[in-house]
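# Coordinate analysis (summary)
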Amino acid sequence: MDRCSNCFIDALPSFLGAAAIAPSLLILWTIASMDDRREPARVVLIAFLLGAGCAFSLSYVTIPMPGISMLASWPIFQTYLHATFEVGAPEEAAKLIVLVFFCSRYIAYDHPMEGVIYGAAVCLGFAAYENLFYLAHNPDHWKIIALVRGVFTVPLPGAPGLIMCIYVCVSNFG
């Protein structure tokens, strides 16, 4: 019995990693399966990994926005400024950079669904890394965190990415 529990503990990181990444890959697969014209799986996977790479780099590199949240004296407004300009803006800018400088080379701009797929790949890669980060830093409660984040917080980054890439595609259609 003790030997079997050690096997589970040894396998825990793989379960944790699968629980962190599976929701993003499932949503990406669902979106990609809606496309009549298949996009190259290698390019979609690279876009996914570049999105995760952006999240990795932003978790270790802080974008200097000196004191923008200190412009207001009201704590709620300070939190709003911090979340919008010091956290959200660099994240969305990094995703947009990947969409414009990498994915645009592979988008033929002949139907908007390809933009949706690449936008989802980048943003869901970002969400997969964030999810992995949260689960790895909470090993005691990783199961419940995986469930809650998989249902609620992983799909949310995909929506702005879809909207962003649709606008990139529309700007190139016209």
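Presented here is a report on the structure given in the accompanying data block. Everything numeric in this text was worked out from a predicted model, so none of it was measured.

## Observations regarding the overall build of the chain
Counting its regular elements, the chain contains six helices and zero strands. Element order for the chain, N to C, with α for helix and β for strand: α-α-α-α-α-α. Considering only contacts in the chain between residues 6 or more positions apart, those separated by 24 or more positions represent 77%. When the accessible area of the chain is evaluated, it comes to approximately 10300 Å², of which 72% is carbon and sulfur surface.

## Considering the nonpolar core
Judged by nonpolar contacts, the single largest core of 30 residues is most densely connected at Leu28, Ala47, Cys103 and Tyr118. Looking at this core, the elements with two or more residues in it are α1 (2-33), α2 (41-60), α3 (75-101), α4 (112-136) and α6 (155-173). The dominant element in this core, judged by the number of residues it contributes, is α4, at eleven residues. Setting aside chain neighbours within four positions, we find Ala47 in contact with Phe102, Cys103, Tyr118, Ala121 and Val122.

## A closer look at a nonpolar patch on the surface
Where nonpolar side chains cluster on the molecular surface, the patch consists of Ile144, Leu147, Val148, Val151 and Phe152 and spans about 490 Å² of accessible area. Tracing the chain through its elements places Leu147 in helix α5 (residues 142-153).

## Describing the pattern of salt bridges
All told, the structure shown has one salt bridge when counted by the stated rule. Lys95 is the salt-bridge partner of Glu92, the closest N and O atoms lying 3.1 Å from each other. Linking Glu92 with Lys95, this pair stays in helix α3, spanning three residues, or about one helical turn.

## Some words on the side chain of Glu39
You can see Glu39 is positioned in the loop between α1 and α2. Arg37 is the oppositely charged side chain nearest to the buried, salt-bridge-free Glu39, at an N-O distance of 7.1 Å. At 3.3 Å, the side chain of Glu39 forms a polar contact with the side chain of Tyr118. When sequence neighbours within four positions are dropped, the list of residues in contact with Glu39 reads Val44, His111, Glu114, Ile117 and Tyr118.

## Looking at α3
Relative to the 39 Å expected for 27 residues at 1.5 Å per residue, α3 spans 37 Å between its end C-alpha atoms, a close match to the ideal helical length. Of all bends in α3, the biggest is about 40°, found at Gly88, and the proline Pro90 comes one to four residues later. Looking at α3, one finds that the buried residues are Leu81, Pro90, Ala94, Lys95, Val98 and Leu99.

## Points about the state of the cysteines
Applying the stated criterion across every chain, the model contains zero disulfides. In this structure Cys54 is a free cysteine whose sulfur lies 9.5 Å from that of Cys123, the closest cysteine sulfur available. What makes Cys54 buried here is its relative accessible area of 11%. Its relative accessible area of 0% is what places Cys123 among the buried residues.

Thresholds applied
Residues numbered from 1 in each chain as written. Predicted model: local features only at pLDDT ≥ 70, side-chain atom pairs only at ≥ 80, totals over all residues. Heavy atoms only, no water. Helix = DSSP H or I, 4+ residues; strand = E, 2+ residues; numbered from the N terminus. Contact = heavy atoms within 4.5 Å. Areas by Shrake-Rupley, 256 points an atom, 1.4 Å probe, with all protein chains shown as cover. Core = buried A, V, L, I, M, F, W, Y, C linked by side-chain atoms within 4.5 Å. Buried < 20%, exposed > 50% of the residue type's maximum accessible area, 1.4 Å probe, protein only. Patch = residues over 30% accessible without salt bridge, like charges linked within 9 Å, V, L, I, M, F, W, Y side chains within 5 Å. Salt bridge = Lys/Arg side-chain N within 4 Å of Asp/Glu carboxyl O. Lys, Arg positive; Asp, Glu negative; His and termini not counted. Polar contact = N/O pair within 3.5 Å; in protein donor to acceptor, adjacent residues only side chain to side chain. Expected span 1.5 Å × (residues − 1). Bend = angle between axes of the 7 residues up to and from the residue. Disulfide = S-S within 2.5 Å.

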